[in-house]
Amino acid sequence: STLEAQINRFNDYAKSGTDPEFKRGDDVAQYCWHVPRAKDNSLKNKTMHPIDQKNLRCVILGLSTLDTKGGPRINANGQILTRTNEPVEGLYGAGNCVRSSTNFSYPASGATLSNAVLFGFKAGMHAMNPKTKL
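Just so it is clear, the model here is predicted, and its values are computed rather than measured.

A. The overall build of the protein chain, seen in detail. The helix and strand tally for the protein chain stands at three helices and two strands. The order of helices and strands in the protein chain, counted from the N terminus, is α-α-β-β-α. Expressed as a percentage of its 134 residues, the buried residues of the protein chain come to 23%. In the protein chain, 50% of the contacts between residues at least 6 apart in sequence involve partners at least 24 apart.

B. Structural detail: the pattern of salt bridges. Using the criterion set out here, one finds two salt bridges in the structure. For E21, the salt bridge is made with R9, and the minimal N-O distance between the two is 2.7 Å. Taken together, the residues E21 in the loop between α1 (2-16) and α2 (28-33) and R9 in helix α1 connect sequence positions 12 residues apart. Looking at E21, the relative accessible area reads 40%, which means it is partly exposed. The shortest N-O distance in the salt bridge between D19 and R24 comes to 2.7 Å. The exposure class assigned to D19 is buried, which follows from its relative accessible area of 0%.

C. Just helix α3 (residues 111-128), in detail. Compared with the 26 Å implied by 1.5 Å per residue over 18 residues, the 26 Å span of α3 between its first and last C-alpha is a close match. If you check which residues of α3 are buried, you get T112, F119, K122, A123 and H126. One face of α3 carries all of its buried residues, which in axial projection span an arc of 105 degrees. Across α3 from its buried face, at more than 90 degrees, point the exposed residues L113, V117, F121 and M128. Looking at the buried side of α3, the elements it contacts are β1 (79-81) and β2 (87-92).

Thresholds, definitions, all that
Every chain begins its residue count from 1, and numbering advances along the sequence as written. Residues qualify for local features only when their pLDDT is at least 70, as the model is predicted, and side-chain atom pairs are given and counted only at 80 or more; totals for whole chains, interfaces and linings, by contrast, use all residues. Water and hydrogen atoms play no part in the side-chain values, which are based on all heavy atoms of the structure. Put simply, DSSP marks the helices as runs of H or I at least four residues long and the strands as runs of E at least two long, and each gets a number from the N terminus on. Only protein chains enter the accessibility calculation, which uses a 1.4 Å probe; a residue whose area is less than 20% of its type maximum is buried, one above 50% is exposed, and one in between is partly exposed. Residue contacts are counted whenever heavy atoms from the two residues lie within 4.5 Å of one another. Here a salt bridge means any side-chain nitrogen of Lys or Arg lying within 4 Å of a carboxyl oxygen belonging to Asp or Glu. Here, expected helix span is obtained from the residue count minus one, scaled by 1.5 Å. Taking the helix axis as origin, the arc is that swept by the directions to the C-beta atoms.

Quick look at the structure:
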C-alpha cells in the first residue's frame, strides 16, 4: 500500500540519519529545538526514529472554528461510551469529534485544542495499557 511504502521509506531515512525529502534534522535550529533524544533512539539523527508498524494507530486532525455540542460521549480515558455509559473496548475519541467536555457552554476560541490534546494523550496512554489509571 501507499502508506506502507511511505512508512518503509521514512524508516530507511531514520536508520540512515538523512531525510532527502524534508531535510529533518539538517537545520541547526531544528536539531537544537527538538526534544531530547528518546532513550531508545541511538540512531544518528535524533529528530527521526523508525515507526513500529505493529502498533500503528490512526488519528484524524482537522481545522475547525467551532466546538461541537453533539457526538459520542467519552469517559476520563477518552473511551467512547455506549448509551448506557459503558466504554466501547478499543474505541476512543477526542477533540471536536466527540461531545464537548463543557456540555452546553463554549468557553473561548481555541479552548477545544486543550481537550483534543488532553484526551488524545489519555486515550493513547489507555490504549497502550488499559489497566493504567491516569
